[in-house]
Structures are given as C-alpha cells and as structure tokens.
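A structural walkthrough
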Amino acid sequence: MSAKIINGKNFAQKLRAHIANYVQQLKSKHNITPGLAVIIVGNDPASKLYVRNKAKQTLEAGMNSFKYELREDIKEKELIALINELNNRKDVHAILVQMPLPKHLNATNIINAIDPTKDVDMFHPLNAGKLMTGQIGPVSCTPLGCLMLLRDIHNSLTGKNALIIGRSNLVGKPMAQLLLRENCTVTIAHSKSVNLPNIAKQADIIIAAVGREKMVKANWVKEGATVIDVGINRIDAPERGEGKTLIVGDVDFDEVKEIAGAITPVPGGVGPMTIACLLANTVTTTCLINGLRPPSNFTI
Ligand code: GUN
C-alpha cells in the first residue's frame, strides 16, 4: 500500500494564516509589531534564497523584517557589534544569523553573542538547556515543524520507537528532546552507528537529517512507519537540461513511499514548515519579551 503523503506546504500555509491573524491582534490590542532581523554573511546562492523567502514571508505575516547582507570577509568583531546593536533595539524581537558562516568566523562566538530572549533559532546554550529541562521558549524551527507534522498524523506519540538519523545541534539533538517530551523511546543514530538499516527497521518513526541523498531505503523501513525527511540535497539532473539540478531528500522517496504509512516529500514537506515555524518563533519571542503568554498552537 502506498503511504499517505504529508503535505507540509498546506500545513505551513494554514500555520502562517494563524500567525498573521495573531500578529494583527498584537498590533491592535498591544500596539506591538513583531520584528525579525536576519543576518547573512557572504554570497552562497542557496542561503541567499532562504533568506529572501524568510524576509518575504515575515512581511506577508504583517511583521517587520530587517535584513542585513554582510560581505564575506567581515570581521567577527564587526558582526558581533551588529548583533549587540540588534540586541538593544526595541523593535527587534528575534535575531537569526544564517548558517553556515564563512570559516574564519567562529559560529559559537556569534551564537553566544545573541540575546537569548531574541534567539529565534534556539541555538544559544541557554535555550538549548531550557528545551532539555522542559521550560517554555522558542524551539528550533525545523524540529518544531517536524513535531507539528507528527502530531497531526498521530493521535499520540507515547511509546513510539523514534529513530533520528543525524546528531546536529540544529536538528538531531533538539528533535530528540522534543520526542522525549512526547514520551517516545528515542534513538539517535549517526555516522558511527553500526548496522543502521536494522536499527531503522525497529522504528515507528524515522526522522532523517543527515544530508545524504536518498540514503534511507525501503528495506530499512518497517511497514506502516512514519518517515520525516529533513534532507535538502541538490543533485545534478542533466535529463532536465544542461546544468540543471534537482532537490532530493535523505530518503529514497519513490521506494520508501511503497512501505511507509506516511512520508514527507522533498520539496514540499519539512522545508515550508521550517520558515512557518521561524515566524511562529518570532511571535513567541515577541510575546515573552513583552510579558505575554505565547499562543499555545505556536509553541510546544
Ligand atoms: N541554515 C539552514 N537552516 C537554518 C536555520 O534553521 N537557521 C539558521 N540560522 N541557519 C540555517
């Protein structure tokens, strides 16, 4: 039987409509317009496209968008000076520094410079600690988006065997914390894990976040499992014309959809949820900074 295809694009669209509605209320009842500042360093075309989309959707939701495009060779001191300026601005409620950064910049120093109350990605160690100890705050955008999709598919996640493939600070580790909170039995696999296909075969839920194209195959997947594909891999597609590329996930979608119970496509699955959750997190930080309770459907 073919799997249910999880439509992240539709889900994200509905979420953005709720966010825009709430932003209007913040404006009319509290005279607050949430503001998101996005900093990008250098000229990576994929990062530039993400940042353009983030800015566009921020404005569409009725929020203020502040975009900073910095030259590739900017000094760490200069970048931290800009972050300090944004930390102190009353009209900026959320700050995002687009990753990856050029090699000469120390990402840890940059992340640590962001005011934790404005850290919309939840990269700051204080926010990572809050997630681990179950305190309210923003949750990194991609894991939050994955969890929203999982909650939509399953009435309850309690007792499910969840496998996360990938242990990044961006996705794997916060995803594990979120699924633990949902009472899943969580396994995190990584490049040194032994016999991954066998581990995967036990899982009711697989979250693939490794950045290796079509790595998860049909014979790794238990019949009826839910498969969430976080991968965004650009591959050459000469059949589409010279120099053309194609975006594929970490899951071999065509094979796995024949065995899984539900699966996210790439594109159109997790990707649109990440930006929608960035907007949701901007509302969350805005509320918390202003002593308001964030809306429960935007947080965990
Ligand atoms: N680069 C790719 N995804 C992300 C993200 O969610 N946040 C930041 N800051 N950079 C990214």
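Attention in this report is confined to the structure presented alongside it. Sequence order sets the numbering: in each chain, residues are counted from 1 along the sequence as written. Note on the predicted model: pLDDT of at least 70 is required for a residue's local features to be given, and 80 or more for side-chain atom pairs to be given and counted; whole-chain, interface and lining totals, by contrast, use all residues. For the side-chain quantities, the full set of heavy atoms in the structure was used; hydrogens and water were omitted.

**As for the overall build of the protein chain**
Put simply, the test is: Secondary structure elements are defined from DSSP: runs of H or I of at least 4 residues count as helices, runs of E of at least 2 residues count as strands, and each element is numbered from the N terminus. Note that the radius of gyration is over C-alpha atoms, with the globule rule given as 2.2 Å times the number of residues to the power 0.38. Between buried and exposed lies partly exposed: a residue is buried under 20% and exposed over 50% of the maximum accessible area for its type, with that area taken using a 1.4 Å probe on protein chains only.
Helix and strand counts for the protein chain come out as 10 helices and 11 strands. Here the protein chain has a C-alpha radius of gyration of 19 Å; the compact-globule value for 300 residues is 19 Å, and the two agree. For the protein chain, the spread of C-alpha atoms along the three principal axes comes to 55 × 45 × 35 Å. Within the protein chain, buried positions represent 49% of all 300 residues.

**Points about the nonpolar core**
Quick note on the threshold: To define a nonpolar core, start from buried Ala, Val, Leu, Ile, Met, Phe, Trp, Tyr and Cys residues and group those joined through side-chain atoms within 4.5 Å. Every residue pair with non-hydrogen atoms within 4.5 Å of one another is taken to be in contact.
Counting residues in hydrophobic clusters, the biggest one holds 51 residues, and the most contacted among them are Leu15, Ile19, Leu179, Ile207 and Val283. Where this core is concerned, the elements lending two or more residues are α1 (8-30), β2 (35-41), β4 (94-97), α6 (141-153), β5 (161-165), α7 (172-181), β7 (205-208) and α10 (270-289). Examining the composition of this core, we find that nine residues originate from one element, α10, more than from any other. Among residues more than four places away in sequence, those in contact with leucine 15 are Met148, Met273, Ala276, Cys277, Asn297 and Phe298.

**What to know about the packing of aromatic side chains**
The condition is simple: Pairing of aromatic side chains requires ring centres within 6.5 Å, counting the rings of Phe and Tyr and the six-membered ring of Trp. Pairs whose planes differ by under 30 degrees are stacked, by over 60 edge-to-face, and all others tilted. Only lysine NZ and arginine CZ atoms are considered, and such an atom sits over a ring when it is within 6 Å of the ring centre and within 35 degrees of the ring normal.
The full count for this structure, using the stated rule, is one aromatic pair. Judged by centre distance (6.0 Å) and plane angle (85°), the rings of tyrosine 22 and phenylalanine 298 are edge-to-face. In this pair, tyrosine 22 is assigned in helix α1 and phenylalanine 298 in the segment after α10, connecting sequence segments 276 residues apart. For the pair tyrosine 22 and phenylalanine 298, a shared accessibility class is recorded, and that class is buried. Between the NZ or CZ atom of arginine 89 and the centre of the ring of phenylalanine 66, over which it lies, the distance is 4.7 Å.

**Some words on the site of the ligand**
Just so we agree on the cut-off: Whether a residue is near a molecule or strand depends on its heavy atoms: it is near if one of them lies within 4 Å of it. Identification of polar contacts relies on pairs of N or O atoms within 3.5 Å, with a donor-acceptor requirement for protein atoms, meaning one able to donate a hydrogen and the other able to accept it, and with residues adjacent in sequence counted only if both atoms are side-chain atoms. Per-residue accessibility takes into account occlusion by the displayed protein chains alone, with areas from the Shrake-Rupley method and a 1.4 Å probe.
Taken together, the residues surrounding the ligand are Leu96, Val97, Gln98, Met99, Asp121 and Phe123. Between valine 97 and the ligand, the recorded distance is 2.8 Å, taken from a backbone N or O atom to a nitrogen atom. Measuring from a nitrogen atom of the ligand, one finds a backbone N or O atom of methionine 99 at 2.9 Å. Here the ligand has 280 Å² of accessible area as a free molecule, and 84% of this is covered by the chains.

**Regarding the packing of α1 against α10**
Worth spelling out the cut-off: The axes are straight lines fitted to the C-alpha atoms, using for helices just the contacting stretch, and the angles between their N-to-C directions are given from 0 to 180°. Here roughly perpendicular refers to angles of 65 to 115 degrees, roughly parallel to angles under 35, roughly antiparallel to angles over 145, and oblique to all remaining angles. Crossing handedness is defined as follows: a turn of the near helix away from the far one that is anticlockwise and smaller than a right angle gives a left-handed crossing, while the clockwise case is right-handed. When residues are grouped by polarity, Ala, Val, Leu, Ile, Met, Phe, Trp, Tyr, Cys and Pro land in nonpolar, Asp, Glu, Lys and Arg in charged, and all others, Gly among them, in polar.
Put simply, α1 and α10 touch, their axes get as near as 8 Å, and they point 20° apart. Relative to α10, the element α1 is oriented roughly parallel. Of the two elements, α1 crosses α10, and the hand of that crossing is left-handed. Residue-level contacts link Gly8, Lys9, Phe11, Ala12, Leu15, Arg16, Ile19, Tyr22, Val23 and Leu26 of α1 to Pro272, Met273, Ala276, Cys277, Leu279, Ala280, Val283, Thr286 and Cys287 of α10. Here the contact of α1 with α10 is built from residues that sort into 15 nonpolar, two polar and two charged.

**Side note on the pattern of salt bridges**
Selection rule: What makes a salt bridge here is a side-chain nitrogen of Lys or Arg within 4 Å of a carboxyl oxygen of Asp or Glu, nothing more.
Counted according to the given criterion, the structure contains eight salt bridges. Of the charged contacts, one joins aspartate 73 and arginine 71 as a salt bridge, the two residues approaching to 2.8 Å between their closest N and O atoms. Where salt bridges share partners, they join Arg71, Asp73 and Glu78 into one cluster.

**Quick notes on the side chain of lysine 118**
What counts, and what does not: For the purpose of counting charges, residues Lys and Arg are taken to be positive, whereas Asp and Glu are taken to be negative. His and the chain ends are not included.
The residue lysine 118 is located in the loop between α4 (107-113) and α5 (125-132) in this model. Summary of buried charges: lysine 118 has no salt-bridge partner, and the nearest side chain of opposite charge, aspartate 115, is 5.3 Å away. There is a polar contact of 2.8 Å between the side chain of lysine 118 and the backbone oxygen of arginine 89. Once residues within four sequence positions are removed from consideration, lysine 118 is found in contact with Leu86, Asn87, Asn88, Arg89, Val92, His93, Ala94, Ile95 and Ile289.

**Description of the sheet that holds β2**
For the record, the criterion: Pairing between two strands is assigned when DSSP locates at least 2 bridges connecting them.
Strand order in the open sheet formed by three strands is β3-β2-β4, and the pairing between neighbours is parallel. Each edge of the open sheet is held by one strand with a lone partner, namely β3 (64-70) and β4. Averaged over neighbouring strand pairs, the angle between their axes works out to 15° when direction is ignored. Judged from the seven bridges that link them, β2 and β3 form a sheet pairing that is parallel. The residue of β3 that forms the bridge with leucine 36 is serine 65.

**Section: the state of the cysteines**
Cut-off, in case you're wondering: We call a pair of cysteine sulfur atoms a disulfide whenever their separation is within 2.5 Å.
Across all of its chains, the model carries zero disulfides by this definition. Note on cysteine 287: no disulfide assigned, nearest cysteine sulfur contributed by cysteine 277 at a separation of 15 Å. Residue class for cysteine 287 comes out buried when judged on its relative accessible area of 0%.

**Considerations on α7**
Those residues of α7 that fall on the buried side of the exposure criterion are Gly172, Pro174, Met175, Ala176, Leu178 and Leu179. Those residues of α7 that are buried lie in contact with α5, α6, β5, β6 (185-189) and β7. Remark: asparagine 183 follows α7 within two positions and exhibits a positive phi of approximately 70°.

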